[in-house]
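# Topology and contacts: notes
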Amino acid sequence: MPNLYETLLIVTPEADDEGVSAVIGDLRTTIESDGGTVLQARVWERRKLAYMVKGKTEGIYVIIHADGGTTLPAVLKDRMKLDESIIRSMVVRLSDQHEIDVRQEIAERDQAGDAAVIEEQRAAAERRHEAEAAAAAMSLDEIVAAEEAEAETADSDNGDLGDDGEAESSDSDNGDLGDDEGPTVETPPVDESADDVVGDSDESTADDEGKEG
Amino acid sequence: MRGGYGRGRRRRNKYLKDDVVYIDYKDVNLLQHFILDRGKIQPRRTNGNSAKVQRMLSRAIRRAREIALLPYTTG
């Protein structure tokens, strides 16, 4: 007999959208590996904390509704304690009456939100494509610039002004692309760090067990 | 007895309906009405809540405190 659990957690205010969705994705897999199903997982709001938590005065509240067995709250709490970007969390089983209301609300939200979610995913995919394209373009530009530089050194006496102008412009292009690329290139490292967290957490559980033993 | 809240007259609660079935701990704006300046839970004798409502209310407030939606103490 599954219960409906509501998980409210505070993600550190420094986390960006990707960081938050990484946290949600991680918890989603945790819930599913415990045999539960996620009904909804979304950012509730970014708000000021009533008191300081881990030195933070602000936090991103994330709310997750999930069906699961009686082991789910403990499993979730354990997982959330290991994630350092989660500064506070709470799992609550919803009472029977309220459960019905919440299920209804989620169903309504799903109908309204499906389109928005799909749109969002499309936008994210597009951004990724653009980033890849930009990366490809930059490497091309680099090659061109290198060739130009070689040409310049070869016949440095000829056509100083024109060549210089071109070389400069291509340089500045590279610079721009580099800047644009800055945030997008960070995408893989973020994922990696998430993986690292998983690795670290495993280690820390091992440590914990060691201490207990 | 004119208007005052001495013995014998029940206080009416202007924020909660009589048939309330659940008080959500995330509803900070509602809960705010039932905590005192120092962050304490308002006693039943001053807000006239039924025992059942007061129980739901205090549970919601305690949950809200846990997740930093409401203060444990202020001032």
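Because the structure is predicted, anything quoted here is derived from the model rather than measured. (Residues numbered from 1 in each chain as written. Chains lettered and ligands numbered in written order. Predicted model: local features only at pLDDT ≥ 70, side-chain atom pairs only at ≥ 80, totals over all residues.)

### Details of the nonpolar core
Using the following cut-off: A set of buried residues drawn from Ala, Val, Leu, Ile, Met, Phe, Trp, Tyr and Cys, joined through C-beta atoms within 7 Å, is what defines a nonpolar core. We call a residue exposed when 12 or fewer other C-beta atoms sit within 10 Å of its C-beta, buried when the count reaches 20 or more, and partly exposed for counts in between; the C-beta positions come from the backbone. Here a strand is any run of E in DSSP of at least two residues, a helix any run of H or I of at least four, and the numbering for each starts at the N terminus. Any residue pair is listed as a contact if its two C-beta atoms, each placed from the backbone, are within 7 Å.
Within the largest apolar cluster, 34 residues are counted, with the highest numbers of intra-cluster contacts made by Ile10 of chain A together with Ala60 and Ala64 of chain B. Elements supplying a minimum of two residues to this core: strand 1 (3-11), helix 1 (17-33), strand 3 (56-68), helix 2 (72-82) and strand 4 (86-93) of chain A together with helix 3 (51-66) of chain B. Not counting the four nearest positions on each side in its chain, Ala60 of chain B is found in contact with Ile23, Asp24, Tyr25 and Leu31 of chain B.

### Describing the interface of chain B and chain A
Keep this limit in mind: Each residue is assigned to one of three groups, with Ala, Val, Leu, Ile, Met, Phe, Trp, Tyr, Cys and Pro labelled nonpolar, Asp, Glu, Lys and Arg labelled charged, and all others, Gly among them, labelled polar.
Of the residues lining the interface, 10 residues belong to chain B; the matching set on chain A comes to 12 residues. Taken together, the residues that form the side of chain B that touches chain A break down as eight nonpolar, no polar and two charged.

### Quick word on the environment of Ile23 of chain B
Residues and elements named next belong to chain B. Tracing the sequence through the fold places Ile23 in the segment before helix 1 (28-31). Between the C-alpha atom of Ile23 and that of Val53, which follows or precedes it by 30 residues, the distance is 8.5 Å. Once residues lying within four places of it in the same chain are set aside, the contact partners of Ile23 are Met56, Leu57 and Ala60.

### Quick notes on the sheet that holds strand 2 (residues 37-53) of chain A
All names here are of chain A. To keep it simple, the criterion reads: By the convention used here, strands pair only if DSSP detects at least 2 bridges between them. Between N-to-C directions, angles cover 0 to 180 degrees, with each direction set by a line fitted to C-alpha atoms, over the stretch in contact for helices.
Judged by pairing direction, the sheet is antiparallel, and its four strands sit side by side in the order 2-3-1-4 without closing on themselves. The open sheet has two edge strands, strand 2 and strand 4, and neither has a second partner. Averaged over all adjacent pairs, the angle separating strand axes in this sheet is 20°, with direction ignored. Note that strand 1 and strand 3 share nine bridges and pair antiparallel. The partner of Tyr5 across the bridge, within strand 3, is Ala66.

### Quick notes on helix 3 of chain B
Residues and elements named next belong to chain B. The line we're drawing: The span expected for a helix works out to 1.5 Å for each residue beyond the first.
With 16 residues, helix 3 should cover 22 Å at 1.5 Å per step; its first-to-last C-alpha distance of 23 Å lies within 8% of that length. Where helix 3 is concerned, the buried positions are Met56, Leu57, Ala60, Ile61, Ala64 and Arg65. In the stretch just after helix 3, Ala68 is the one whose phi turns positive, near 65°.

### Concerning the packing of helix 1 of chain A against helix 2 of chain A
Residues and elements named next belong to chain A. Basically, it comes down to this: Left-handed describes a crossing whose near helix is turned anticlockwise from the far helix through less than a right angle; right-handed describes the clockwise counterpart.
Look at helix 1 against helix 2: their axes get within 10 Å of each other, and the N-to-C directions meet at 145°. Crossing angle aside, the handedness with which helix 1 passes helix 2 is right-handed. For the pair helix 1 and helix 2, the contacting residues are Leu27, Thr30 and Ile31 in the first and Leu72, Val75, Leu76 and Arg79 in the second. Of the residues in the contact of helix 1 with helix 2, the class split is five nonpolar, one polar and one charged.

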